[in-house]
2 protein chains.
Amino acid sequence: MQNMQRIYQNPPTHLVAVDCIIFGYEQEDLKLLLFKRQLPPAQGEWSLIGGWVNEDCTVEQANQHVLKTLTGLEGIPMEQVSIYSKPDRDPGGRVISISFYALINVQEKGKELEKQFGAEWFSVKELPNLIFDHNEMVADALRKLRFDGSKTLLGHGLLNEEFTLSQLRSLYNSIYDKEFDPGNFRKKILSLKVLERLNKKDFSESKKGAFYYKYKPDNEIEYNERIVNLK
Amino acid sequence: MQNMQRIYQNPPTHLVAVDCIIFGYEQEDLKLLLFKRQLPPAQGEWSLIGGWVNEDCTVEQANQHVLKTLTGLEGIPMEQVSIYSKPDRDPGGRVISISFYALINVQEKGKELEKQFGAEWFSVKELPNLIFDHNEMVADALRKLRFDGSKTLLGHGLLNEEFTLSQLRSLYNSIYDKEFDPGNFRKKILSLKVLERLNKKDFSESKKGAFYYKYKPDNEIEYNERIVNLK
DNA sequence: GCAAAAGTGTTCATAATACACCCATGT
DNA sequence: ACATGGGTGTATTATGAACACTTTTGC
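Below you will find a few notes about this structure. (Residues numbered from 1 in each chain as written. Chains lettered and ligands numbered in written order. Predicted model: local features only at pLDDT ≥ 70, side-chain atom pairs only at ≥ 80, totals over all residues. Heavy atoms only, no water.)

Quick notes on the protein's contact with DNA strand C
Around DNA strand C there are 17 residues in total, and Ser166, Arg186 and Phe211 of chain A together with Asn184 and Lys188 of chain B lie nearest to it. When the atoms of DNA strand C within 4 Å of the protein are sorted by group, sugar and phosphate make up 62%. Take Arg186 of chain A: an N or O atom from its side chain is 2.8 Å from a phosphate oxygen of DNA strand C. For DNA strand C, a base nitrogen lies 2.8 Å from a polar atom in the side chain of Asn184 of chain B. Contributions of two or more residues to the surface near DNA strand C are made by α6 (182-191) and β10 (210-215) of chain A together with α6 (182-191) of chain B. Among the residues forming the surface near DNA strand C, the class breakdown is two nonpolar, six polar and nine charged. (Near = heavy atom within 4 Å. Polar contact = N/O pair within 3.5 Å; in protein donor to acceptor, adjacent residues only side chain to side chain. Helix = DSSP H or I, 4+ residues; strand = E, 2+ residues; numbered from the N terminus. Nonpolar A, V, L, I, M, F, W, Y, C, P; charged D, E, K, R; others polar.)

Structure follows, in structure tokens:
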């Protein structure tokens, strides 16, 4: 710090924060994990989780640290969404914030979060008012998620390791808020050649049974086509 | 500052900078405006221009301020590209930097910049070594530019107010480093319905002459299709 | 046998690509 | 008259969307 100020002659410094937008999927519905804010200002209101960026780490590392500290989750891939820097966006002071989103499996990891950390899952269609500009952050993250899902097959994180094409289609239905045609969706997804079919069927949703699929190893996956047409 | 620290109990603060990636177009070639760095560290080496984010402004405003101060350019639309936050990315100290790109007209505005501000235009194909991680910033900005140009018609800023379709095609050729088919390019661009043809021709490049076009007013422009297929 | 999801096939409309060909005109 | 870039038209292929149809099996 001394060193830097000597060289750069005391330019202003800022609090820099990261905020995590945690998406989950359950019961044909895209969900968002929200927390009751623990400290003032706006203590007790619904909020994303966030934390400070420290001296010796990147914003990505800071974000992973926040996620681990406040939810116990580790090694979840996260996507950077945007920067928020209006001087008055946080009534507690001038904070520059960088947002990331994560996709997690509600079945596997979501339930204990609700208990241990006082978190709650909300449908993205019925979100409460969030503190500061967090609603805007969520909207931006959802836009980024839709964009990412248009060129990369989502499911990793949100679904179980093994899933049926119907489950995947329901996930896409919920993310894009529309009904994909079953036949066309299946053809499109299989044409990407990123999934491999297992010799196992899920009989919970039909008598005939639907084959389970899983992702090929990451290093065998390459995306060359669009999956969803955004307009 | 007092206020904020009282509430937030002294989390670390950071120097936050913005960096401007300035693209231009001249002689069928996409160019980048570089400057000799004025202050240590790395004084005298080729660099992007940048500056500090102040207390009372957004990063977008800081970026506009830098551009105005260091080039005299005002009101140029800029696109945010990414954040760079490796703790050791700037040997002068821990600086978190946010990059933006701008498109400017070399003919109209570029020449005096070279004289007044000691700047120099480089072909993006033959860039010198830049300080810190600035080469990475440029690469990221170019990727973002290509992406933006795939769903929005570029030319605003880079070309003159009035331009021919051949000029526009040459611009696209230089940005994507490939040869667009003249006939198909023209059909694609006109199908977007964002240009209007003028009753004027440019005879400098052919005997027959090519019609000038200009953009329709912004509020009449809407993009629904892709222009370039990225793979 | 029938309902219901799984899965396949067919058709039609649209978009991308390659490329042939006409136009205008200065030399 | 011909070379050159401007501009138009056409054939081929690839892709997307709509939807009919077949399969399987529990009830």
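And the narrative resumes.
Let's talk about the packing of helix α5 (residues 165-176) of chain B against α6 of chain B
Residues and elements named next belong to chain B. Contact geometry of α5 with α6 gives a least axis separation of 10 Å together with a crossing angle of 100°. Classified by the angle their axes make, α5 and α6 are roughly perpendicular. Packed against α5, whose contacting residues are Leu165, Leu168, Arg169 and Tyr172, the element α6 presents Pro182, Phe185, Arg186, Ile189 and Leu190 at the interface. Residues of the contact of α5 with α6, tallied by class, amount to seven nonpolar, no polar and two charged. (Axes fitted to C-alpha atoms, helices over the stretch in contact; angles between N-to-C directions. Parallel < 35°, antiparallel > 145°, perpendicular 65-115°, else oblique. Contact = heavy atoms within 4.5 Å.)

A closer look at the packing of aromatic side chains
Counted according to the given criterion, the structure contains 17 aromatic pairs over all chains. With 5.3 Å between their ring centres and 75° between their planes, Phe147 of chain A and Phe147 of chain B make a pair best called edge-to-face. Residue Phe147 of chain A is located in helix α4 (residues 134-151), and its partner Phe147 of chain B is located in helix α4 (residues 134-151); the two belong to separate chains. Between Tyr172 of chain B and Phe185 of chain B, the aromatic rings sit 5.6 Å apart at their centres with planes inclined by 55°, giving tilted as the arrangement. One end of the pair, Tyr172 of chain B, is in helix α5; the other, Phe185 of chain B, is in helix α6, and 13 residues separate them in sequence. Look at Phe185 of chain B and you get buried, because its relative accessible area is 6%. Counting every residue linked through ring pairs, the aromatic cluster contains Tyr172, Tyr176, Phe180 and Phe185 of chain A. (Phe/Tyr/Trp six-rings, centres within 6.5 Å; stacked < 30°, edge-to-face > 60°. Buried < 20%, exposed > 50% of the residue type's maximum accessible area, 1.4 Å probe, protein only.)

Side note on the protein's contact with DNA strand D
Of all residues adjacent to DNA strand D, which total 18 residues, the nearest are Asn184 of chain A together with Ser166, Arg186, Lys187 and Lys208 of chain B. Within 4 Å of the protein, the atoms of DNA strand D are drawn from sugar and phosphate moieties in a proportion of 61%. Ser166 of chain B is positioned such that a nitrogen or oxygen atom in its side chain is 2.8 Å from a phosphate oxygen of DNA strand D. The separation between a phosphate oxygen of DNA strand D and a polar main-chain atom of Phe211 of chain B is 3.2 Å. Where the surface near DNA strand D is concerned, the elements lending two or more residues are α6 of chain A together with α6 and β10 (210-215) of chain B. Residue composition of the surface near DNA strand D, by class: two nonpolar, six polar and ten charged.

A word on the relation of the copies chain B and chain A
Taken as rigid bodies, chain B and chain A are interconverted by a rotation of 180° and an axial shift of 0.0 Å, the fit giving an RMSD of 0.0 Å. In short, the pair behaves as if placed about a two-fold rotation axis. Both copies share a contact surface, since 100% of the interface residues of chain B are interface residues in chain A too. (Least-squares fit on C-alpha atoms with pLDDT ≥ 70 in both.)

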